[in-house]
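A closer look at the structure
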Amino acid sequence: MRLEAREVSFAYGQKTVLHQVSLEIGRAEVLALIGPNGAGKTTLLKILAGLLRPQTGRVQLLEPRAKRMAYLAQSEPLPPEFTVLEVVSLGRLPHQGFLGASTKADQQQIELALERTDTKQFANRRVQELSGGEAQRVALARALAQQPEVLLLDEPTNHLDLAHQSELLRLLEQEKKSGLSVVMVVHDLVLAGRADRVALLHQGHLERIGNPEEVLELNILEKVYQTKLEKLQTSDGRTVVIPK
Ligand code: ADP
């Protein structure tokens with residue numbers, strides 16, 4: 001599965017917020033989208049999801065979207081009266097026929113999604129009773145239940161505690177083995193450093209794209225983020241960038 005944006009430009013009214021952005025997401029790849037506030041990350045993600053149409057350029061995806069792609073907004077609106085199980089079951093809708101009959105495969109995928117996101121324990125609770133982090137995991141479970149080939153995530157870790165942040169990364173690693181491609185907007189450059197590739201957006205321009213070592217360069221990041229940063233080496237040899 002390949003997803004490609006070619007020379008995508010986008011304006012809200014008169015204000016151009018993306019300038020000829022081209023990038024490609026390969027099969028079984030995690031791409032982190034980074035950049036300061038207002039750089040155009042969310043807009044680009046929505047364009048990749050087909051929710052916004054670029055004024056020029058195009059996004060190419062080979063197959064129909066519903067079964068292939070799942071998009072998760074920063075705060076995904078979930079129906080408050082629904083139980084967690086009901087919400088996750090909604091993820092199977094694109095796979096069901098006109099009458100919406102649920103099959104054994106549907107049940108299995110729902111079960112798996114609940115387990116992988118650690119939400120099975122409160123499957124019967126109503127959405128309105130959940131914390132922000134729990135709700136975020138439920139939204140992720142619904143997305144996984146769709147069995148997408150491309151998963152587009154806007155700040156998927158912003159409500160998650162540390163344990164669930166690492167779990168999310170482990171989960172994505174696991175899903176990658178079956179070919180899942182992920183584009184995720186992240187603020188945390190430590191998380192970005194664990195992606196396969198990183199795309200740095202700055203004022204609507206794709207400033208850089210490449211593997212984490214290539215993109216997480218102090219001089220370029222300090223220029224783009226307008227702040228002092230520091231580079232550290234982890235015990236397993238990865239490089240992380242943190243504010244100084
Ligand atoms: P990021 O996700 O990197 O913070 P966004 O894609 O959300 O950036 O926004 C890029 C620019 O577009 C910002 O200047 C923002 O103010 C503007 N923008 C975002 N959404 C809208 C909108 N619906 N209408 C007008 N301007 C918008």
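Remarks on the nonpolar core
Counting 47 residues, the largest nonpolar core has Ile-34, Val-88 and Leu-151 as its most contacted members. If one sorts the elements of this core by residue count, helix α5 (residues 132-145) sits on top with 7 residues. Here this core spans two domains, since at least three of its residues come from each of domain 1 (3-62 + 149-243) and domain 2 (81-148). Those residues within four positions of Val-88 in sequence are excluded, and the remaining contacts are Ile-110, Ala-113, Leu-114, Val-138, Ala-141, Arg-142 and Ala-145. Listed in part, the 27 residues of the second largest apolar core include Val-17, Leu-23, Val-150 and Val-183.

Observations regarding the domain arrangement of the protein
The assigned domain composition of the protein is domain 1 (3-62 + 149-243) and domain 2 (81-148). The C-alpha-based centres of domain 1 and domain 2 are spaced at 26 Å. Counting from both sides, the interface comprises 16 residues of domain 1 and, opposite them, 11 residues of domain 2. Buried area between domain 1 and domain 2, summed over both chains or domains, comes out near 1,100 Å², and the portion from carbon and sulfur atoms is 64%. Connecting domain 1 to domain 2 are 1 salt bridge. A salt bridge links Glu-175 to Arg-116; the shortest N-O distance between them is 2.2 Å.

Some words on the site of the ligand
Around the ligand, the structure places Tyr-12, Lys-15, Val-17, Pro-36, Asn-37, Gly-38, Ala-39, Gly-40, Lys-41, Thr-42 and Thr-43. One nitrogen or oxygen atom from the main chain of Gly-38 is found 2.7 Å from an oxygen atom belonging to the ligand. Within the side chain of Thr-43, a nitrogen or oxygen atom sits 2.5 Å from an oxygen atom of the ligand. In isolation the ligand exposes 570 Å². Once the protein is present, 59% of that is buried. When contributions to the shell around the ligand are tallied by element, the ones reaching two or more residues are β2 (15-25) and α1 (41-49). A class-by-class count of the residues in the shell around the ligand yields 4 nonpolar, 5 polar and 2 charged.

Calculation criteria
- Residues numbered from 1 in each chain as written.
- Predicted model: local features only at pLDDT ≥ 70, side-chain atom pairs only at ≥ 80, totals over all residues.
- Heavy atoms only, no water.
- Core = buried A, V, L, I, M, F, W, Y, C linked by side-chain atoms within 4.5 Å.
- Buried < 20%, exposed > 50% of the residue type's maximum accessible area, 1.4 Å probe, protein only.
- Helix = DSSP H or I, 4+ residues; strand = E, 2+ residues; numbered from the N terminus.
- Domains from an automatic or database assignment.
- Contact = heavy atoms within 4.5 Å.
- Buried area = accessible area lost by both parts, 1.4 Å probe.
- Salt bridge = Lys/Arg side-chain N within 4 Å of Asp/Glu carboxyl O.
- Near = heavy atom within 4 Å.
- Polar contact = N/O pair within 3.5 Å; in protein donor to acceptor, adjacent residues only side chain to side chain.
- Areas by Shrake-Rupley, 256 points an atom, 1.4 Å probe, with all protein chains shown as cover.
- Nonpolar A, V, L, I, M, F, W, Y, C, P; charged D, E, K, R; others polar.

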